[in-house]
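Here is what each chain is made of, one letter per residue.
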Amino acid sequence: MLSKELKTKILGRTCIEFKEINSTQKYIHNQIKENKIKNGTVVIADVQTDAIGTHGRKWYTNTNNIAFSLYMEVNQNISKLEGLTYKIAELLVAIFQEKYNIQLYIKRPNDLMYNGKKVGGILTETKMHNEEVRYIVIGIGINIAKQEFNKEIKEIATSIEQEFNININRNYIITEFCNRFEEEILKIK
């Protein structure tokens, strides 16, 4: 559930939550295909069983972590959205720094890192028509809770709680991200 601090006009005004789902990103794409999605929809999951990262890689999401996707109709020239994924990463880094005094860094193009290990990732997908981006679907996953990583990623992944021994308010992070993303990046006032 997004916090009552949500100040957006569009983003997050429709919020769908799942205890478990295959993938928030896949869910949004299915809703688009069926023409059943509202502009600004945010989909949050406690657990994703078949989440996707960049280049078709699998993204692991256990309970109490941040896993959400958003859908925005932008209808803008592709040039106005250049560097979008990096801007999203910068926004997330700023939120963690300001709220929790945690200094994450960005490994281009889309990874959030701490101490040489991946804490989170961003997947940005667009629907184009000529030079215009019709809509964007953005997936964000951040490991905030302690967890056992499987053997193929345990040497390269970590979580905020493992590194800093603090609890992160997931709803605050997602709400604050929506507020800033709409105002600072999409420039909706």
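Data block above holds the structure.
Residues numbered from 1 in each chain as written. Predicted model: local features only at pLDDT ≥ 70, side-chain atom pairs only at ≥ 80, totals over all residues. Heavy atoms only, no water.

## Some details on the pairing of strand S7 (residues 117-129)
Phase 1 of the analysis: Alignment of strand S6 (residues 111-114) against S7, held across four bridges, turns out to be antiparallel. The residue bridging methionine 113 from the neighbouring strand is lysine 118, located in S7.
Phase 2 of the analysis: In this antiparallel pair of consecutive strands, S6 and S7, the connection spans two residues, and asparagine 115 shows a positive phi of 55°.
Phase 3 of the analysis: In this sheet, strand S8 (residues 132-142) lies alongside S7 in antiparallel orientation, the contact comprising 10 bridges. Looking at the pairing, threonine 126 lines up with isoleucine 136 of S8.
Phase 4 of the analysis: Remark: two residues form the turn of the hairpin made by S7 and S8, two consecutive strands paired antiparallel; asparagine 130 in that turn has positive phi of roughly 55°. (Pairing = 2+ DSSP bridges. Helix = DSSP H or I, 4+ residues; strand = E, 2+ residues; numbered from the N terminus.)

## Here's the deal with the environment of valine 47
Phase 1 of the analysis: Within the secondary structure, valine 47 is located in strand S2 (residues 42-52).
Phase 2 of the analysis: In this structure the C-alpha to C-alpha distance between valine 47 and isoleucine 188, which are 141 residues apart in sequence, comes to 31 Å.
Phase 3 of the analysis: The residues contacting valine 47, other than those within four sequence positions of it, are Lys19, Glu20, Ile21, Thr61, Asn62 and Thr63. (Contact = heavy atoms within 4.5 Å.)

## Notes on the side chain of threonine 24
Phase 1 of the analysis: Within the fold, threonine 24 resides in helix H1 (residues 24-33).
Phase 2 of the analysis: Residue classification places threonine 24 among the buried positions, given a relative accessible area of 3%.
Phase 3 of the analysis: Only 2.6 Å separates the side chain of threonine 24 from the side chain of serine 69, close enough to count as a polar contact.
Phase 4 of the analysis: When near neighbours in sequence (up to four residues on either side) are disregarded, threonine 24 contacts Val43, Ile44, Ala45, Gln48, Ala67, Phe68 and Ser69. (Buried < 20%, exposed > 50% of the residue type's maximum accessible area, 1.4 Å probe, protein only. Polar contact = N/O pair within 3.5 Å; in protein donor to acceptor, adjacent residues only side chain to side chain.)

## Some details on the pattern of salt bridges
Phase 1 of the analysis: As enumerated under the stated definition, the model contains eight salt bridges in all.
Phase 2 of the analysis: For lysine 26, the salt bridge goes to aspartate 50, with nearest N and O atoms at 2.5 Å. Placement of lysine 26 in helix H1 and of aspartate 50 in strand S2 is noted, with a sequence separation of 24 residues between them.
Phase 3 of the analysis: We classify lysine 26 as partly exposed; its relative accessible area is 25%.
Phase 4 of the analysis: The salt bridge partner of lysine 118 is aspartate 111, with a shortest N-O separation of 2.9 Å.
Phase 5 of the analysis: By relative accessible area, which is 23% here, lysine 118 ends up partly exposed.
Phase 6 of the analysis: The buried category is assigned to aspartate 111, whose relative accessible area is 12%.
Phase 7 of the analysis: One salt-bridge network, held together by shared partners, links Lys19, Asp46 and Arg170. (Salt bridge = Lys/Arg side-chain N within 4 Å of Asp/Glu carboxyl O.)

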